[in-house]
Amino acid sequence: IASCLVGSEMCIRDSACKIDGEQQASLSGKKVLIAYFSWSGNTKAAAEKIQGLTGGDIYRIEAADPYPGEYDATTDRAKQEQKDNARPAIAGKADLSKYDVIMVGYPIWWYQEPMIIDTFLESGDFSGKTIVPFCTSGGSSIDKSIEHMKTVVKGASFAQGFRYDGNDKEMNQWLNSLGLLKK
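Residues numbered from 1 in each chain as written. Predicted model: local features only at pLDDT ≥ 70, side-chain atom pairs only at ≥ 80, totals over all residues. Heavy atoms only, no water.

A. Fine view of the pattern of salt bridges. Under the criterion given, the structure shown has seven salt bridges. With its nearest N and O atoms 3.3 Å apart, the salt bridge here joins Lys 31 to Asp 57. Of the two residues, Lys 31 is situated in the loop between β2 (22–23) and β3 (32–36) and Asp 57 in strand β4 (residues 57–60); the sequence distance between them amounts to 26 residues. By relative accessible area, Lys 31 is classed as partly exposed at 37%. Between Arg 87 and Glu 122 there is a salt bridge, and its shortest N-O distance comes to 2.9 Å. Here the residue Arg 87 occupies a position in the loop between α3 (71–84) and β5 (101–107), and Glu 122 occupies one in helix α4 (residues 115–123), the gap between them amounting to 35 residues. Among the charged side chains, a salt-bridge network with shared partners connects Asp 65, Arg 77 and Glu 81. (Salt bridge = Lys/Arg side-chain N within 4 Å of Asp/Glu carboxyl O. Helix = DSSP H or I, 4+ residues; strand = E, 2+ residues; numbered from the N terminus. Buried < 20%, exposed > 50% of the residue type's maximum accessible area, 1.4 Å probe, protein only.)

Here's what the structure looks like:
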């Protein structure tokens with residue numbers, strides 16, 4: 001469980017970027033928002049690296065009732081939120097209207113995104129936008145979380161996500177395959 005909550009890894013399944021299984025046009029020149037939730041700081045670090053490489057704006061998704069700093073209390077709360085299919089309230093709201101691409105970052109908790117990510121996805125208008133998921137995980141795949149996120153958000157397409165483990169070369173390759181590296 002510890003590695004699922006606070007670890008980090010990345011995988012790239014193929015070098016071509018795909019949206020919902022189809023080859024996509026480059027996302028180059030699109031206005032990008034990097035929205036992330038981080039408990040331990042790993043996802044925050046990944047989001048900040050992505051911001052530096054893409055030039056996108058950054059938005060931290062924060063719980064209105066902050067998660068405890070203590071590991072066991074956080075895991076207890078996160079497990080209960082998943083069990084209850086809860087939607088923890090978010091402090092503040094991002095203005096998505098000026099963005100074409102929303103990169104959504106999160107840790108993998110028990111094989112899926114934290115429930116606060118679902119709150120974020122359900123609270124905004126993603127119509128016509130491209131969602132680019134990224135996660136930090138000690139070993140769990142990003143795939144199950146993406147499958148679930150596609151059932152939560154309406155009107156958006158999804159680009160290939162990735163799992164980050166600190167390998168900056170792979171991060172660069174992934175962002176380049178999406179056309180998101182700043183020139």
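We are not done yet, so read on.
B. Representation of the nonpolar core. Ranked by size, the top nonpolar core spans 32 residues in total, and within it Ile 61, Val 104, Tyr 106, Phe 120, Leu 121, Phe 126 and Ile 131 carry the most contacts. When residues of this core are traced back to their parent elements, those giving at least two are β3, β5, α4, β6 (130–136) and α5 (143–152). The element contributing the most residues to this core is α4, with four residues. Apart from residues lying up to four places away in sequence, Phe 126 is in contact with Leu 96, Ile 102, Phe 120, Leu 121, Ile 131, Val 153, Lys 154, Gly 155 and Ala 156. (Core = buried A, V, L, I, M, F, W, Y, C linked by side-chain atoms within 4.5 Å. Contact = heavy atoms within 4.5 Å.)

C. Just helix α2 (residues 42–54), in detail. The end-to-end C-alpha distance of α2, which contains 13 residues, comes to 18 Å, matching closely the 18 Å that a straight helix rising 1.5 Å per residue would cover. Burial in α2 covers these residues: Thr 43, Ala 46, Ala 47, Ile 50 and Thr 54. Burial along α2 is one-sided: seen end-on, the buried residues are contained in an arc of 100°. For α2, the secondary structure elements touched by its buried residues are β3, β4, β5, β6, β8 (162–164) and α6 (168–178). (Expected span 1.5 Å × (residues − 1). Arc of directions from axis to C-beta.)

D. Layout of the packing of aromatic side chains. Scanning all chains against the criterion turns up ten aromatic pairs. Taking 6.4 Å as the distance between ring centres and 65° as the angle between the ring planes, the aromatic pair formed by Trp 109 and Trp 110 counts as edge-to-face. Among the residues examined, Trp 109 registers a relative accessible area of 2% and is labelled buried. A ring pair is formed by Phe 120 and Phe 126, whose centres lie 5.8 Å apart and whose planes are at 75°; its orientation type is edge-to-face. In this structure, Phe 120 and Phe 126 share a single accessibility class: buried. An aromatic cluster is defined as three or more aromatic residues linked by ring pairs; in this entry it consists of Phe 37, Tyr 67, Trp 109 and Trp 110. The ring of Tyr 67 has Arg 77 sitting right over it, with the charged end atom 3.8 Å from the ring centre. (Phe/Tyr/Trp six-rings, centres within 6.5 Å; stacked < 30°, edge-to-face > 60°. Lys NZ or Arg CZ within 6 Å of the ring centre and 35° of its normal.)

E. The pairing of β6, seen in detail. The element β6 is extensively covered by neighbouring structure, given that seven of its seven residues are classed as buried. Note: β5 against β6, seven bridges, orientation parallel. Its bridge partner being in β6, Met 103 is matched across the sheet by Val 132. Read as a crossover between parallel neighbours, the route from β5 over α4 to β6 is right-handed. (Pairing = 2+ DSSP bridges. Right-handed = clockwise from strand over helix to strand, strands pointing away.)

F. Representation of the side chain of Glu 113. Looking at the element boundaries, Glu 113 is found in the loop between β5 and α4. Despite its burial, Glu 113 remains without a salt bridge, the nearest opposite charge being carried by Arg 87 at 7.1 Å. Among the polar contacts made by the side chain of Glu 113, one reaches the side chain of His 148 at a distance of 2.6 Å. Aside from chain neighbours lying at most four places away, what touches Glu 113 is Gln 82, Tyr 106, Pro 107, Asp 118, Ser 145, His 148 and Met 149. (Lys, Arg positive; Asp, Glu negative; His and termini not counted. Polar contact = N/O pair within 3.5 Å; in protein donor to acceptor, adjacent residues only side chain to side chain.)

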